[in-house]
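# Per-entry structural report
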Amino acid sequence: MDRTTEEKSNVVEELLRENGGWAVIDGGLATELESNGADIRDALWSSKCLFTCPELIRKVHLDYLEAGASILITASYQATIQGFLSRGFSQEDSEALLRKSVELAVEARDLYLKKCPQKRQILIAASVGSYGAYLADGSEYSGDYGEYVTLETLKEFHRRRLQVLVEAGPDLIAFETIPNKIETQAYVELLEECNIDTPAWFAFSSKDGVNIVSGDSLVECGSIADSCHNCVAIGINCTPPRFIHDLIISMTKITKKPILIYPNSGESYDPEKKEWVKSAGGSAEDFAPFVNIWHEAGASLIGGCCRTSPDTVRAISRALKGGA
């Protein structure tokens, strides 16, 4: 889909207008891949499926569209050139796998629209996970990369990956689970340095409902993102549902752009056991009663993150349509 720079910058606003002021983001990818038989116990996590079972990625994307999602997030969260190189892939093949993540989402969209009697706008958001996601040591949930990781380190790590994803032609870039201020700044500077005109959203994660996981100020990090020319939405992901309302209120004080939220199930991730652990508070099943409260508080793009499913997305869609 060829768009001018101005048209690209308006894709989120167009989607919101079409839907009456809200839109549904998809849910957890890894959860559903596992439910469909994929083995993702690997440092590459769900991106392993790009070369082991790409057809399952396409199927899960389709499942989310059928559940009511209008935005598909690609299977590139943990897909990095460095990660693929470490598994023996060439530079060329590593870049091809990144492109494939976008292609699979586009294929799912095309398949869905062919059989959908009522055409609707569907956006593809190319996921960019944090440096910590590549490390696969739990630091994506703490933002602690150590003293030797600098702004330049992060920019060089993400640079070619970002360029390849953009070249694949997504509607958006989704910077997800951003854990600290320095990576926020790295993304903003890279977009400018690489002359990228694709719109982007910035989604931070929090474990206390006040700051992002590193302890850096949400207000400060959000303001950095808000100043970015490419930024078309700002919000929160991979955060327990019980914190979402207060975080939305905080975001409304720093941006006039659409606010997005896609919480996790309320569980916490144990990086040593490589598994999710139940914790007190809301769960994915509890989303529906709060969706309209979150929307009224200021969130216009709502979905689910880790451990949520098409059933979660179906409940979100039904709630926003007034059927909860």
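About the cut-offs
- Residues numbered from 1 in each chain as written.
- Predicted model: local features only at pLDDT ≥ 70, side-chain atom pairs only at ≥ 80, totals over all residues.
- Heavy atoms only, no water.
- Buried < 20%, exposed > 50% of the residue type's maximum accessible area, 1.4 Å probe, protein only.
- Helix = DSSP H or I, 4+ residues; strand = E, 2+ residues; numbered from the N terminus.
- Arc of directions from axis to C-beta.
- UniProt positions renumbered as here; feature names shortened; annotations may be inferred.
- 1 Å grid on protein atoms, 1.4 Å probe; cavity = no way out; pocket = protein on both sides within 12 Å on 5 of 7 lines; lining within 4 Å.
- Contact = heavy atoms within 4.5 Å.
- Axes fitted to C-alpha atoms, helices over the stretch in contact; angles between N-to-C directions.
- Parallel < 35°, antiparallel > 145°, perpendicular 65-115°, else oblique.
- Left-handed = near helix turned anticlockwise from the far one by under 90°.
- Nonpolar A, V, L, I, M, F, W, Y, C, P; charged D, E, K, R; others polar.
- Pairing = 2+ DSSP bridges.

With that out of the way, let us pick up helix 2 (residues 11-19). Buried residues of helix 2: V11, V12, L15 and L16, and no others. Around the axis of helix 2, the buried residues are gathered within 135 degrees of arc, so they sit on the same side. Just beyond helix 2, the residue with positive phi is G20, at close to 85 degrees.

We now examine the UniProt feature "binding site: Zn(2+)" (unreviewed entry) in the protein. In this structure's numbering, the residues bearing the UniProt feature "binding site: Zn(2+)" (unreviewed entry) are C238, C305 and C306. Their sequence span is 69 residues, while the largest C-alpha to C-alpha distance among them is just 6.4 Å; these annotated residues converge on one region. Checked against the lining of the largest cavity, the annotated residues reduce to C238, C305 and C306. According to the relative accessible area criterion, C238 is buried, its value standing at 8%. By the element assignment, C305 lies in the loop between strand 10 (299-302) and helix 14 (310-320). Non-local contacts of C305, meaning those with residues more than four positions away in its chain, are made with G27, G28, N237, C238, Y262, P263 and N264.

As a packed pair, helix 12 (residues 244-252) and helix 13 (residues 287-297) sit with axes 9 Å apart at the nearest point and diverge in direction by 15 degrees. Here helix 12 lies roughly parallel to helix 13, going by the angle between them. Like other packed secondary-structure pairs, helix 12 and helix 13 cross with a definite hand, here right-handed. The residues of helix 13 that touch helix 12, namely those facing I244, H245, I248, I249 and T252, are I293, W294 and A297. When grouped by side-chain class, the residues that make up the contact of helix 12 with helix 13 number six nonpolar, two polar and no charged.

Okay, the sheet that holds strand 10 next. Spatially, the eight strands line up as an open sheet ordered 1-10-7-6-5-4-3-2, and their pairing is parallel. Because the sheet does not close on itself, it has two edges, and the strands there are strand 1 (23-24) and strand 2 (71-73). As defined by bridge partners, strand 1 adjoins strand 10 across two bridges and the pair is classed as parallel. Paired with A23 across the bridge in strand 10 is L301.

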